[in-house]
Amino acid sequence: MRIIAELPHPDFKISILSMNQKFIVKIEQGTLEQTYKIPDMDLTEGVNSVFELLDEPFLKTVSARFAEMGKDFRESYYRYNY
């Protein structure tokens, strides 16, 4: 697995990796991570197509999902510790 690109974003870290004929989009925020795997044969423009997939509406849903993931984890953590 090798990193082929990193995209700047103010709220999270976005890395694009390549492994086994797939592009892996890894988006991290603190201790949380979302990963999306895309077969490279599904994309006509290679890594440039991956950049196009990461549009503003998609990144807004990623941000909302991170908020939901964090809430779910905090609730579980408090149930366990309190």
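This text follows the structure it describes.
Below or above, wherever it landed, is the structure these notes cover. No experiment lies behind these values; they were computed from the predicted model shown. In this numbering scheme, every chain counts its residues from 1 along its sequence in written order. Local features in this predicted model are restricted to residues of pLDDT 70 or higher, and side-chain atom pairs are both shown and tallied only at a pLDDT of 80 or more, whereas totals for entire chains, interfaces and linings draw on every residue. Note that water and hydrogens are dropped before the side-chain values are worked out from all heavy atoms of the structure.

Description of the pattern of salt bridges
Here's step 1: Salt bridge, as used here, is a side-chain nitrogen of Lys or Arg placed within 4 Å of a carboxyl oxygen of Asp or Glu. Throughout the structure, instances matching the rule amount to one salt bridge.
Here's step 2: Taking the shortest distance from any N to any O, the salt bridge between Lys71 and Glu75 comes out at 3.0 Å. Of the two residues, Lys71 and Glu75 both sit in helix α2 (residues 56-81), four residues apart, roughly one turn of that helix.
Here's step 3: Residue classification places Glu75 among the partly exposed residues on the basis of a relative accessible area of 36%. Numbering of helices and strands runs from the N terminus, with a helix taken as a DSSP run of H or I at least four residues long and a strand as a DSSP run of E at least two residues long. The cut-offs for exposure are 20% and 50% of the maximum accessible area for each residue type, with area from a 1.4 Å probe on protein chains only; residues under the lower value are buried, those over the upper are exposed, and the others partly exposed.

Examining the packing of aromatic side chains
In this description, an aromatic ring pair is defined by two values, namely the gap between the centres and the angle between the planes.
Here's step 1: Aromatic rings from Phe, Tyr and Trp, taking only the six-membered ring of Trp, are treated as a pair when their centres fall within 6.5 Å; an angle between ring planes under 30 degrees marks them as stacked, one over 60 as edge-to-face, and anything in between as tilted. This structure, assessed with the given rule, holds four aromatic pairs.
Here's step 2: Measuring from ring centre to ring centre gives 6.0 Å for Tyr77 and Tyr78, while their planes differ by 75°; the resulting arrangement is edge-to-face.
Here's step 3: For Tyr77, a relative accessible area of 42% puts it in the partly exposed group.
Here's step 4: Since its relative accessible area comes to 44%, Tyr78 is described here as partly exposed.
Here's step 5: Each member of the aromatic cluster is reached from another via a ring pair, and the members are Phe73, Tyr77 and Tyr78.

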